[in-house]
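Working through the structure, step by step
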Amino acid sequence: MFAYVVRRVLTTIPLLLIGTFLVFTLTAISGDPLARLAQLDVDQAAYDRLIDLYNLDQPIPQRYVSWLTSAVQGDMGPSPSQGGQQTFDLVLGRALNTARLAIPAFFIIAITAVTLGVYSAVKQYSKLDYFVTGFSFLGISLPTFVFGLLLQVIFGIWWFDWFGARPFFVQGMRTVAQHGWLDMVRAHVLPIITLWLVITASESRFQRAAMLEVINSDYIRTARAKGLPRRTVILKHGLRNALIPLVTIWAIDFALLLGGAVVTETIFAWPGLGRLLLAGIFQQDLNLTMGVVVFIAALVVVFNLIADLLYGVLDPRIRYD
Amino acid sequence: MTDREVTHPEERPPGYEGRSSTVGGEVPETEHLDPEHVIDELEGIEAVSRSFGRQTWDRFRRHRIALIAAVVLFLLTLAFVVGPWLSPYGFSEQDFTALNQGPSLAHPFGTDTIGRDIMVRTFQGGRFSLRIALFVAILTTVIGTIVGAIAGYFGGTIDALLNKLINLFLIVPALVILLVVGVRWGATPNGIALLLGFLLWPAIARIVRGLFLQYKEQEFVLAARAAGARAPRIMFRHILPNTFGPIVVNATLLVGVAIILESTLSFLSVGVQDPVPTLGNLIEKAKGQIDTKPSAVLIPGGFIVAITLCVNFLGDGLRDALDPTARKG
Amino acid sequence: MTSTTPLLDIRDLTVSFKTDDGLVRAVNGVDLQMFPGETLAVVGESGSGKSVSAMAVMGLLPSYTQIEGSVEFEGTDLLKLSTRAMRKLQGNEIAMIFQDPMTALNPVFTVGNQIIEGIRIHHPQISKQAARERTIELLALVGIPEPRQRVDNYPHEFSGGMRQRAMIALAIANEPKLLIADEPTTALDVTIQAQVLEVMRTAQEATGAAMMLITHDLGLVAGVADRVQVMYGGRVFEMSDTDTIFYRSRNPYTRGLMTSVPTAAARTDDRLSPIPGAPPSAINPPRGCVFRPRCQHAEDACYEEPPLLALDATGRHLSRCHFAEELPELGAQDELGRSA
């Protein structure tokens, strides 16, 4: 098992190298930070110092190698667009803000998706099944930013027009320490609903398909023939099997949620990783962009590994050796 | 024994002959098989496919929502094509006497901050968005099918590379790459379409690869191979027609994915830039005024949802019609 | 046939499914009796309605099926029982062995736990430890080596034959009165088939259960069954004791089955000759006798009038054929067949 984990991590290293090099190169050639510097009114000495600090006069592969050399030592470099703060600290701070949305969203999504998927599979062709199918079609078809803006219009404008109050905040983050419990919750609700709809829609569809396949399997018939109650048949024998393929989906979704929701954070002015990434990209801040990308990549690798290990726990047919 | 009913072989019902010889009794001498003849026989399957087309249409027609979706999609496309042409305004034409107005008779959707008619911009935006999405779907399907077919049929290096690429896109999400490159190359409709096309094809390639992997071991392929048909002929004449259903379904669904991605990028100001309108950048322009003029956000948003909903329902209906084995229940 | 009161008494059972293409009548007025301890073979091609009848007895048909008639088990009509009451019988009084052992066991639970679960659901008073001991005994009974170790294995660690043995152990765990085996050996290697049949016989002896052996293979039936019921197109075509069916069959379909199955043909030293044509459509069955389109003996009467299931003079032999009495003797037909 330990050997498996080590081997898995080792095999992702080439992919990580290629991926970071790709993003590094693309970011580097997408914009010219020197042109931006030239627009600023800085003296020649400061200009030269900046070029020297970020190796801007060197070819891209060489810059990548020096970035990588520092990065593997834990030094992600300073972020010029954020006043020279350390990228590592910036990413970490913003990651915590993102996690405030991602963690509750993930659990709400997982629970609702499994519930909806299982119910609609068990009650195939019932009204509820059609409702869930319709819901997931809507969720898949509704771009996050349209849904988020719609929530803002409903709760920020219409609700205020009708009832003279706003039940939820439509902009910005609130913390318990600074604003108290109630305001913290009021600020979290809409972004979490936004994240919830789109991901739940696709996950519940997937869960439904997985559950349908399981329900029609021979071993479910065996379980019924044993005289087990319906609940036991569906939850113990059915769901246990239907969750196995969902583990991978969960891992990817959770990793991407923790990696920052660019759209949701933009709409609700949430100071998370997604907006940090956008800032890095728009201001051609290579260190910052790379910092966020490496963080996302690391999340995906780690969560995929967790998913693989969970697979082994859930499915005895899989062995790691 | 003489009076008993005797059944002579020639009196046996039709369809009887030849069957007994395969189960027991004497096996007839194998006829000489002409490879081309065998291939022609295999292609005789096409004669049956006319009734397959009929069945497909019947199944599709039964899927009422998909049919409605197809009609709505057609009407929307028509509106996007004809709308800007019928409108008295050009999509980048400014009217400085009517800045930032709400809906009125002259401007049913209102005007934007620099006096452009939002209605004509919405229809023109829909036209650009749809054009981009169609371009993406076609580009993606062509690249994805070719790579997937080669990877599935031959396996080996290309297959391994495809696998690595898919894993790579998992580690570095496509959206991140799109954001990084979109800033510079995504500003025009063709630019964004090319970017999306180059990033989305692995999804199709994976599906086609799976289908080829599955079909290449099937008997009609083995028979064609035994008859001496070459790989390209087997791939494109024998296997590809069988993968047609799933490919068409996924190409359709890709239109929806492309619309969502394009509008999302435009919304984040990474995609198509003003003055060229797309449904996404219209919303991006209007979101600052969402408090005072929510209609400018909701109308293009509604069009995006209408298109993606129709495309997804259409794709679902096509899946039922073209690929009846794909779904259970 | 140790007793005259039937354990299972199916009367006029009709099972239909609604499909896009119309109403499918999978079982059409079937009567079937089983007596305590006996073995009844239900034989027919796929689509003959044999498995659907068994599923109706087990209460495993999906809720959208229309079931008519009656299925009396020890005097109570199973079709009228509530799901809850039916559950008390499933796996307890009536148990089933399925065709494909590779998929019939849940892959994520150990074989032992699946059997223990089956015991404890009906006997909650039995402790886990006792149920486990019982399971080990059962595994030993069905011939699984080292049952004490094997009890903790997962299904994928068992071979196909072993899995079917485990399924048999599961089925007899609560000493059922009726054991339904639906094509229990079809999915297995030929070499394993005989062993599994032997295990089933052992299991039946150990529990005293009556066994309904559903199969398409008449050859399998000979040494095992007391009586044979032949089904075709959702109807009973012939029923009698095994010897009578084999040596004095009064039905063209049964005879066709016998000469088309390699093992049965070998037994009767006949040459193989498959039944021409395909089983009838359950949506639009042919007019008259459903077997008519494939029958060598068909005459005008078979086209006009569906034959009834009729008793012969002995009173122990049922056959559905207008010409049941006129058919040639089996031995004679043998020689004719060879000379033809």
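Residues numbered from 1 in each chain as written. Chains lettered and ligands numbered in written order. Predicted model: local features only at pLDDT ≥ 70, side-chain atom pairs only at ≥ 80, totals over all residues.

Describing the overall build of chain B
Defined as follows: Numbering of helices and strands runs from the N terminus; a helix is a DSSP stretch of H or I covering at least four residues, while a strand is a stretch of E covering at least two. Partly exposed residues are those whose C-beta has more than 12 but fewer than 20 other C-beta atoms within 10 Å; with 20 or more the residue is buried, with 12 or fewer it is exposed, and the C-beta atoms are placed from the backbone. Residue pairs are scored as contacts if the distance between their C-beta atoms, which are placed from the backbone, is within 7 Å.
From N to C terminus, chain B includes 12 helices and 0 strands. Along chain B, helices and strands appear, N-terminal first, in the series α-α-α-α-α-α-α-α-α-α-α-α. Each of the 329 residues in chain B was classed as buried or not, and the buried ones make up 42%. At a minimum sequence separation of 6, the contacts of chain B that also span at least 24 residues come to 70%.

Here's the deal with the overall build of chain A
Secondary structure assignment for chain A yields 14 helices and 2 strands. Structurally, chain A occupies a C-alpha span of about 85 × 65 × 35 Å along its principal axes. Every one of the 321 residues in chain A was classed for burial, and the buried ones make up 42%. Residue pairs at least 24 apart in sequence account for 69% of intrachain contacts in chain A once pairs closer than 6 positions are excluded.

Details of the interface of chain B and chain A
To be explicit about the condition: Only Asp, Glu, Lys and Arg are considered charged in this grouping, and only Ala, Val, Leu, Ile, Met, Phe, Trp, Tyr, Cys and Pro are considered nonpolar; every other residue, Gly among them, is considered polar.
On the side of chain A, 40 residues touch chain B, which itself brings 37 residues to the contact. The dominant element in the side of chain B that touches chain A, judged by the number of residues it contributes, is helix 12 (residues 295-322) of chain B, at 9 residues. Here the residues of the side of chain B that touches chain A are counted per class, giving 24 nonpolar, 8 polar and 5 charged.

Considerations on the nonpolar core
How we decide: Any nonpolar core is a set of buried residues, restricted to Ala, Val, Leu, Ile, Met, Phe, Trp, Tyr and Cys, that join up through C-beta atoms within 7 Å.
By size, the foremost hydrophobic cluster in this structure holds 255 residues, and its most contacted members are Ala258(B) and Met212(C). The dominant element in this core, judged by the number of residues it contributes, is helix 10 (residues 231-267) of chain B, at 16 residues. Once residues within four sequence positions are removed from consideration, Met212(C) is found in contact with Met34(C), Leu40(C), Val42(C), Ala54(C), Leu178(C), Ile180(C) and Ala181(C).

Notes on the sheet that holds strand 11 (residues 309-311) of chain C
Residues and elements named next belong to chain C. The cut-off we apply is this: Here, strands pair whenever DSSP counts at least two bridges between them. Each axis is a line fitted through C-alpha atoms, taken for helices only over the stretch in contact, and angles between the N-to-C directions span 0 to 180 degrees.
Taking strand neighbours across the sheet as the criterion, the 8 strands line up as 6-7-8-3-9-10-12-11 in an open arrangement whose pairing is mixed. Looking at the sheet topology across the chains shown, the edges are occupied by strand 6 (94-97) and strand 11. Shown here is a sheet whose adjacent strand axes are inclined to one another by a mean of 20 degrees, direction ignored. Where strand 10 (residues 235-241) lies against strand 12 (residues 318-320), 2 bridges are found, and the strand directions are antiparallel.

Comments concerning the pairing of strand 3 (residues 39-43) of chain C
All names here are of chain C. Counted residue by residue, strand 3 has 5 buried out of 5 residues, so it is predominantly covered. Burial along strand 3 is two-sided: Thr39, Ala41 and Val43 and Leu40 and Val42, pointing in opposite directions, are all buried. In terms of strand pairing, strand 3 meets strand 8 (residues 210-215) through 5 bridges, oriented parallel. Following the sheet pairing, Val42 is matched in strand 8 by Ile214.

A few points about helix 5 (residues 128-141) of chain C
Residues and elements named next belong to chain C. Heads up, the condition is: Each helix should span, by expectation, one fewer than its residue count multiplied by 1.5 Å. The reported arc concerns the directions from the helix axis to the C-beta atoms and nothing else.
Between its terminal C-alpha atoms helix 5 stretches 20 Å, which fits the 20 Å expected from 14 residues at 1.5 Å a residue. For helix 5, the full list of buried residues reads Ala131, Arg132, Thr135, Ile136, Leu138 and Leu139. Projection of helix 5 onto a plane perpendicular to its axis shows the buried side chains occupying an angular sector of 160 degrees, all on one side. On the buried face of helix 5, the contacting elements are helix 4 (111-122), helix 6 (147-150) and helix 7 (160-172). Once helix 5 finishes, Gly143 follows within two positions and takes phi at roughly 85 degrees, a positive value.

Brief notes about the pairing of strand 8 of chain C
Residues and elements named next belong to chain C. So the rule is basically this: Convention used here: a crossover is right-handed provided that the path from the first strand, over the helix, to the second strand proceeds clockwise when the strands point away from the viewer.
Of all the 6 residues making up strand 8, 6 are buried; the element is thus mostly covered by neighbouring parts of the structure. Residues Ala210, Met212 and Ile214 point to one face of strand 8 and Met211, Leu213 and Thr215 to the other, with burial holding for every one of them. Pairing of strand 7 (residues 178-182) with strand 8 involves 5 bridges; the strand directions are parallel. Across the sheet, residue Ile180 finds its bridge partner in strand 8, namely Met212. On the question of chirality, the crossover connecting strand 7 to the parallel strand 8 by way of helix 8 (residues 190-207) is right-handed.

Looking at the confidence of the model for chain B
Residues and elements named next belong to chain B. As a reminder, the rule being used: Confidence scores labelled pLDDT are given residue by residue by the predictor and lie between 0 and 100.
In this model, chain B carries a mean pLDDT of 77, and residues with pLDDT of at least 70 account for 79%. Mean pLDDT in chain B bottoms out at helix 1 (residues 19-23), which sits at 30, and peaks at helix 5 (residues 118-154), which reaches 91. pLDDT under 50 marks residues 1-50. Its contacts with residues more than four places away, or in other chains, come to 42 contacts. Quick note on the complex model: pTM equals 0.82, ipTM equals 0.87.

Brief notes about the sheet that holds strand 5 (residues 76-77) of chain C
All names here are of chain C. Spatially, 4 strands are ordered 2-1-4-5 in an open sheet, and the strand pairing comes out antiparallel. Bordering the open sheet on either side are strand 2 (22-34) and strand 5, each of which pairs with just one other strand. Looking at chain direction, strand 1 (residues 8-19) and strand 2 are connected through 10 bridges and run antiparallel. Bridging from a neighbouring strand, Thr14 pairs with Asn28 of strand 2.

Thoughts on unusual backbone geometry
All names here are of chain C. Of note in this structure, Asp12 is not a glycine but carries a positive phi near 50 degrees. Looking at where Asp12 falls in the secondary structure, it is placed in strand 1. Asp12 gets classed as exposed once you count the C-beta atoms within 10 Å, which come to 11. Not every positive phi belongs to a glycine, and Glu175 is a case in point at roughly 45 degrees. Assessed through the 13 C-beta atoms surrounding it within 10 Å, Glu175 is described here as partly exposed.

As for the environment of Ala203(B)
Residues and elements named next belong to chain B. Its place among the elements puts Ala203 in helix 8 (residues 189-215). On the basis of neighbour counts, which here come to 19 C-beta atoms within 10 Å, the residue Ala203 falls in the partly exposed class. Between the C-alpha atoms of Ala203 and Leu254, which are 51 residues apart in sequence, the distance is 9.7 Å.

Side note on the packing of helix 7 of chain C against helix 8 of chain C
Residue and element names in this part refer to chain C. This is how it is decided: Angular relationships are summarised with four words: roughly parallel below 35 degrees, roughly antiparallel beyond 145, roughly perpendicular across 65 to 115, and oblique for the angles in between. By convention, the crossing between two helices is left-handed when the near helix turns anticlockwise from the far helix through less than a right angle, and right-handed when the turn is clockwise.
It is at 10 Å that the axes of helix 7 and helix 8 come closest, and there the two elements cross at 15 degrees. The angle between the axes of helix 7 and helix 8 places the two elements in the roughly parallel class. Every pair of crossing elements has a handedness; the one defined by helix 7 and helix 8 is right-handed. Contacts between helix 7 and helix 8 involve Gly160, Gly161, Gln164, Arg165, Ile168 and Ile172 from the former and Ile192, Gln195, Val196, Val199, Met200, Ala203, Ala206 and Thr207 from the latter. Counted by class, the contact of helix 7 with helix 8 contains 8 nonpolar, 5 polar and 1 charged residues.

Notes on the environment of Met96(C)
Here Met96(C) is to be found in strand 6. Counting along the chain gives 75 residues from Met96(C) to Ala171(C), while the straight-line C-alpha distance between them is 5.9 Å. Contact partners of Met96(C), with chain neighbours within four places excluded, come to Ala225(A), Met58(C), Ala171(C), Ile180(C) and Asp182(C).

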